[in-house]
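# Structural features, examined
Spelled out, the chains give:
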Amino acid sequence: STGWDETSLQVSLQKLLCENGDLVEQNVESSCRNVSTTAHIDEMADFFIPIPSSGLELFLQLSELFPHLVFSSKAKGQIKRNHDRPSIEQIFLKLQDIDNAAQKLNGGVLRNELFHYKASPEHEQRRQLPEMYVTFEDGRTRNCEWHLRYTPGCGRIHFSADEGDGQTIYVGHVDGKLGIH
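Okay, so let's go over this structure. (Residues numbered from 1 in each chain as written. Predicted model: local features only at pLDDT ≥ 70, side-chain atom pairs only at ≥ 80, totals over all residues. Heavy atoms only, no water.)

Turning our eyes to something else, we now look at the nonpolar core. Among the nonpolar cores identified, the biggest contains 29 residues, and Leu 95, Phe 159 and Ile 169 are the most heavily contacted of them. Of all the secondary structure elements, the ones that give two or more residues to this core are α3 (62–65), β3 (69–71), α4 (73–81), α5 (85–103), β7 (146–150), β8 (155–160) and β9 (169–176). For this core, the element with the highest residue contribution is α5, accounting for seven residues. (Core = buried A, V, L, I, M, F, W, Y, C linked by side-chain atoms within 4.5 Å. Buried < 20%, exposed > 50% of the residue type's maximum accessible area, 1.4 Å probe, protein only. Helix = DSSP H or I, 4+ residues; strand = E, 2+ residues; numbered from the N terminus.)

Quick look at the structure:
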């Protein structure tokens, strides 16, 4: 067997990341879905979800697409106003990853291993930026120190989870890097 008969393949990827305004290359080993036969299409029908083409379209589907995420008013507005289709596609994929991670949460404790993409908390000094603290509709202010990057540009999705809160992640920011004006 050449591997093409399998629904999953091991691949080596080279990622370009934006760190502190600089592009950094990162090598990653991963598995990817393989659809090379009609049988694969039937087997992975649930995987094929149409990606919204605009921020407004994504905004209108947030609760349906991401049932384990709670969005701040700020994050909802940022998504709704985004007109950059490549960014919307990346935001969609990263939000899927965050929603999947929420389903694996154990006691609301975020860990890198929960995510397919690189997710991490901000460095100690950046955690104290006022922009990290976001008030949600439940009236609670949360430190959205965890983030995922997205491209093009230096896009960030900042989020947090409440310890003991089960399978919910709170998304506070979906835009450029915080603290950069």
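Locating Ile 91 in the fold gives a position in helix α5. Ile 91 has contacts with Leu 58, Asn 82, Tyr 150, Ile 157 and Val 174, leaving out every residue within four places of it along the chain. (Contact = heavy atoms within 4.5 Å.)

Given 3.6 residues per helical turn, the α-helix brings residues three or four places apart onto the same face. In this model, α5 (19 residues) spans 27 Å end to end at C-alpha, consistent with the 27 Å of a helix rising 1.5 Å per residue. Three or more residues of α5 are buried, namely Ser 87, Ile 88, Ile 91, Phe 92, Lys 94, Leu 95, Asp 97, Ile 98, Asp 99, Ala 101 and Ala 102. (Expected span 1.5 Å × (residues − 1).)

In this section: the sheet that holds β3. Taken together, five strands build an open sheet; the order of strands is β3-β9-β8-β7-β4 and the sheet is mixed. Every other strand in the sheet has two partners, leaving β3 and β4 (119–121) as the edge strands with one partner each. Ignoring which end each strand starts from, the neighbouring axes of this sheet average 35° apart. Sheet analysis places β3 next to β9, joined by three bridges and oriented parallel. The residue bridging Val 70 from the neighbouring strand is Tyr 170, located in β9. Along the sheet, α4 contacts β3 and β9; its crossing angle with β9, the most-contacted strand, is approximately 45°. Its contacts with the sheet place α5 against β3, β7, β8 and β9, and it is angled at close to 145° to β7. (Pairing = 2+ DSSP bridges. Axes fitted to C-alpha atoms, helices over the stretch in contact; angles between N-to-C directions.)

As a further point, take α4. Every buried residue of α4 is accounted for by Ala 75, Gly 77, Gln 78 and Ile 79. Turning to α4, the residues buried within the fold contact α2 (55–60), α3, β3, α5 and β9.

What follows covers the pairing of β8. Of all six residues in β8, six are buried, a share of seventy percent or more. Where burial is concerned, the two faces of β8 agree: the one with Gly 155, Ile 157 and Phe 159 and the one with Arg 156, His 158 and Ser 160 are both buried. Here β8 runs beside β9; their pairing, made up of six bridges, is antiparallel. Opposite His 158, over in β9, you have His 173 as the bridge partner.

Turning next to the pattern of salt bridges. Evaluated as defined, the whole model comprises nine salt bridges. The partner of Glu 122 in a salt bridge is Arg 126, with the nearest N and O atoms 3.1 Å apart. Judged by its relative accessible area of 5%, Glu 122 falls in the buried class. By relative accessible area, which is 19% here, Arg 126 ends up buried. With its nearest N and O atoms 2.7 Å apart, the salt bridge here joins Asp 138 to Arg 142. Accessibility expressed as a relative area gives 4% for Arg 142, which makes it buried. (Salt bridge = Lys/Arg side-chain N within 4 Å of Asp/Glu carboxyl O.)

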